[in-house]
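Chains, contacts and geometry: an overview
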Amino acid sequence: MATRTRPSSKRCAVLGGSGFLGRHLVERLVDRGYTVNVFDIRQAYELPGVPFHQGDLCDRQALLVALKEVSIVFHCASPAPANDDRALFQRVNIDGTRTVIQACHEAGVQKLILTSSASVVFEGTDIKNGREDLPYAKKPIDYYTETKIQQEKLVLEACSKEKGFLTVAIRPHGIFGPRDPQLVPILIDTARRGKMKFIIGDGSNLVDFTYVENVVHGHILAAEQLKADSPLCGQAYHITNDEPVRFWDFMSQILEGLGYSAPRYHLPYTLVYGIALLLWLIALVLRPLIRINPTFSPMRVALAGTHHYYSCARAKKDMGYQPLVPLREAIVRTVESYPHLRKGA
Ligand SMILES: NC(=O)C1=CN([C@@H]2O[C@H](COP(=O)(O)OP(=O)(O)OC[C@H]3O[C@@H](n4cnc5c(N)ncnc54)[C@H](OP(=O)(O)O)[C@@H]3O)[C@@H](O)[C@H]2O)C=CC1
Ligand SMILES: CC(C)CCC[C@@H](C)[C@H]1CC[C@H]2C3=C(CC[C@]12C)[C@@]1(C)CCC(=O)C[C@@H]1CC3
């Protein structure tokens, strides 16, 4: 094997660095004095002093260029969860992650920080203050979750103190904040189409929504504290705002903040879930002829109608994690960042 110069511990690469979380991570890393390479299938922005490498993470040769002399890799690339393309999830989240691990070995990378998801343990039923020792979902609710589970296992199993390759998985939940392409835009689009009138269930279910800067903070802490003698090696960590909130109160605050009415009428959870499942099956059967993506997918209905909040005690204990931005402030900042989605804009 060719001799490699030892990479600086502040030299990193962000895979998926054009995405919502990835870009916030890149900006914070640059602020903290890291040298950052961005790798993504598309280039969404330019940042002075930040080289951009466009490529597919399934392409090992393309990855190797971006990983040259890098010591830390943050892997936060994934197809969007709303996508229903099983083959794409398999290719990117599973095969692609194998390729990332292999490329890290070849490039002499020392640490791999994976953005996993708290939903790897979610099966569509209540989770209250769930800890990381909950078993992976036996019946994952969609292809996204199924492949995030396999991806997390691959990364954590690759952790090897002997080889000097350390890995950790961060499991955020319900990330939101400026430039998020999912939560706020989908919510407002649904409201504009007159479909945000109903609360699914009794509205008392508690959920974690996590401000993007807190998720970034969790990733950087993990990278800085991941050492051969630390408890972080090969472990998964929930990173949340540590302030579970009623799902429908959170949605109402965003809606009202942007000038829309909050939903008021209740519909039984099982009825809505049954309809969502039926529509999903119809969409599956019709797929060869037409692609339909119903707004209320079974996954979204389950997320909207059950408790699912997670303990981040392990992250507090092992890496001194504390959310930096409280929920109330995070909602204000988020609402202010979407003037174009305000009612009447
Ligand atoms: N948003 C959330 O609430 C949560 C997200 N996560 C995880 O956080 C991570 C980041 O999510 P988020 O920022 O919301 O997602 P984004 O879709 O905004 O970012 C993911 C980025 O990865 C890119 N990408 C997709 N496929 C490939 C590929 N084959 N090669 C290179 N780049 C690729 C995407 O490009 P393109 O857009 O063109 O597909 C996109 O730029 C993901 O791993 C996700 O699973 C976990 C918990 C919650
Ligand atoms: C139409 C409304 C009932 C819901 C609108 C908001 C939803 C789009 C979001 C509410 C919870 C979010 C969420 C995710 C995506 C966006 C929501 C469904 C994830 C599935 C993103 C990826 C993950 O790893 C888990 C997230 C859970 C919460």
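The structure displayed is predicted, hence computed values, not measured ones. (Residues numbered from 1 in each chain as written. Chains lettered and ligands numbered in written order. Predicted model: local features only at pLDDT ≥ 70, side-chain atom pairs only at ≥ 80, totals over all residues. Heavy atoms only, no water.)

1. Points about the overall build of the chain
Scanning the chain from terminus to terminus reveals eleven helices and 15 strands. The C-alpha radius of gyration of the chain comes to 20 Å, within 12% of the 20 Å expected for a compact globule of 345 residues. The buried share of the chain, taken over its 345 residues, is 53%. Summarising the internal contacts of the chain: among those between residues at least 6 apart in sequence, 79% fall at separations of at least 24. Accessible area of the chain: about 15900 Å², with a carbon and sulfur share of 54%. Taking the average location of the 41 positive side-chain charges in the chain and that of its 34 negative ones, the two points are 1 Å from each other. (Helix = DSSP H or I, 4+ residues; strand = E, 2+ residues; numbered from the N terminus. Rg over C-alpha atoms; globule rule 2.2 N^0.38 Å. Buried < 20%, exposed > 50% of the residue type's maximum accessible area, 1.4 Å probe, protein only. Contact = heavy atoms within 4.5 Å. Areas by Shrake-Rupley, 256 points an atom, 1.4 Å probe, with all protein chains shown as cover. Lys, Arg positive; Asp, Glu negative; His and termini not counted. Charge placed at Lys NZ, Arg CZ, Asp CG, Glu CD.)

2. Here's the deal with a nonpolar patch on the surface
Residues Leu271, Ile275, Leu278, Leu279 and Ile282 make up a contiguous nonpolar surface patch of roughly 440 Å² in combined accessible area. Take leucine 279: it is sitting in helix H8 (residues 269-286). For leucine 279, a relative accessible area of 39% corresponds to the partly exposed category. (Patch = residues over 30% accessible without salt bridge, like charges linked within 9 Å, V, L, I, M, F, W, Y side chains within 5 Å. Salt bridge = Lys/Arg side-chain N within 4 Å of Asp/Glu carboxyl O.)

3. A short note on the UniProt feature "domain: 3-beta hydroxysteroid dehydrogenase/isomerase" (unreviewed entry) in the chain
Annotation from UniProt places "domain: 3-beta hydroxysteroid dehydrogenase/isomerase" (unreviewed entry) at residues 13-267. Across residues 13-267, helical content stands at 36% and strand content at 20%; the span's end C-alpha atoms are separated by 46 Å. (UniProt positions renumbered as here; feature names shortened; annotations may be inferred.)

4. Let's talk about helix H1 (residues 20-31)
An α-helix turns once per 3.6 residues; consequently, residues spaced three or four apart project the same way. With twelve residues, H1 should cover 16 Å at 1.5 Å per step; its first-to-last C-alpha distance of 17 Å lies within 8% of that length. For H1, the secondary structure elements touched by its buried residues are strand E1 (11-15), strand E2 (35-40), strand E4 (72-75), strand E5 (111-115), strand E8 (175-176) and helix H6 (212-225). Looking one or two residues beyond H1, the residue adopting positive phi is glycine 33, at roughly 90 degrees. (Expected span 1.5 Å × (residues − 1).)

5. Overview of the site of ligand 2
Looking at ligand 2, there are 16 residues lining it, with Pro81, Ser117, Tyr144, Gln182 and Phe296 nearest. Interatomic distance of 2.6 Å between a side-chain N/O atom of serine 117 and an oxygen atom of ligand 2. Between tyrosine 144 and ligand 2, the recorded distance is 2.7 Å, taken from a side-chain N or O atom to an oxygen atom. Protein burial of ligand 2: of its 600 Å² of free accessible surface, 93% is covered by the chains. Those elements that place two or more of their residues in the shell around ligand 2 are helix H5 (183-192), helix H7 (247-257) and helix H9 (298-305). With three residues, H5 is the largest single contributor of residues to the shell around ligand 2. Residue composition of the shell around ligand 2, by class: nine nonpolar, six polar and one charged. (Near = heavy atom within 4 Å. Polar contact = N/O pair within 3.5 Å; in protein donor to acceptor, adjacent residues only side chain to side chain. Nonpolar A, V, L, I, M, F, W, Y, C, P; charged D, E, K, R; others polar.)

6. A word on the site of ligand 1
Neighbouring ligand 1 are 24 residues; Phe20, Leu21, Asp40, Tyr144 and Lys148 lie closest to it. Taking aspartate 40, its side chain carries an N or O atom lying 2.8 Å from an oxygen atom of ligand 1. Bound to the protein, ligand 1 loses 86% of the 890 Å² it would expose on its own. Put simply, the parts of the chain that give the shell around ligand 1 at least two residues each are H1 and helix H4 (143-157). Residue composition of the shell around ligand 1, grouped by class: ten nonpolar, ten polar and four charged.

7. Considering the packing of aromatic side chains
The tally for this structure, following the rule as stated, stands at eight aromatic pairs. Relative to phenylalanine 250, the ring of phenylalanine 209 lies with its centre 3.9 Å away and its plane at 5 degrees, an arrangement referred to as stacked. One end of the pair, phenylalanine 209, is in the loop between strand E10 (206-207) and strand E11 (210-211); the other, phenylalanine 250, is in helix H7, with 41 residues separating them in the sequence. When its relative accessible area of 5% is taken as the criterion, phenylalanine 209 is described as buried. Here the aromatic rings of phenylalanine 247 and tryptophan 248 are separated by 5.0 Å at their centres, their planes lie at 70 degrees, and the arrangement is edge-to-face. (Phe/Tyr/Trp six-rings, centres within 6.5 Å; stacked < 30°, edge-to-face > 60°.)

8. What to know about the side chain of threonine 99
Looking at where threonine 99 falls in the secondary structure, it is placed in helix H3 (residues 86-107). In terms of polar contacts, threonine 99 uses its side chain to reach the backbone carbonyl oxygen of aspartate 95, at 2.9 Å. If we ignore the near neighbours within four places in the chain, the residues touching threonine 99 are Leu57, Cys58, Asp59, Arg60 and Leu63.

9. Looking at the nonpolar core
Residues Val14, Leu25, Leu29, Val36, Phe74 and Met319 are the most contacted members of the largest nonpolar core, which totals 37 residues. At the level of secondary structure, the elements contributing two or more residues to this core comprise E1, H1, E2, E4, strand E7 (166-172), H6, strand E12 (235-239) and helix H10 (313-319). Broken down by element, this core gets its largest block of residues, seven residues, from H6. When neighbours within four sequence positions are excluded, valine 36 is seen to be in contact with Cys12, Val14, Val26, Leu29, Val30, Val50 and Pro51. Counting residues in hydrophobic clusters, the runner-up holds 32 residues, among them Phe176, Leu183, Ala191 and Leu255. (Core = buried A, V, L, I, M, F, W, Y, C linked by side-chain atoms within 4.5 Å.)

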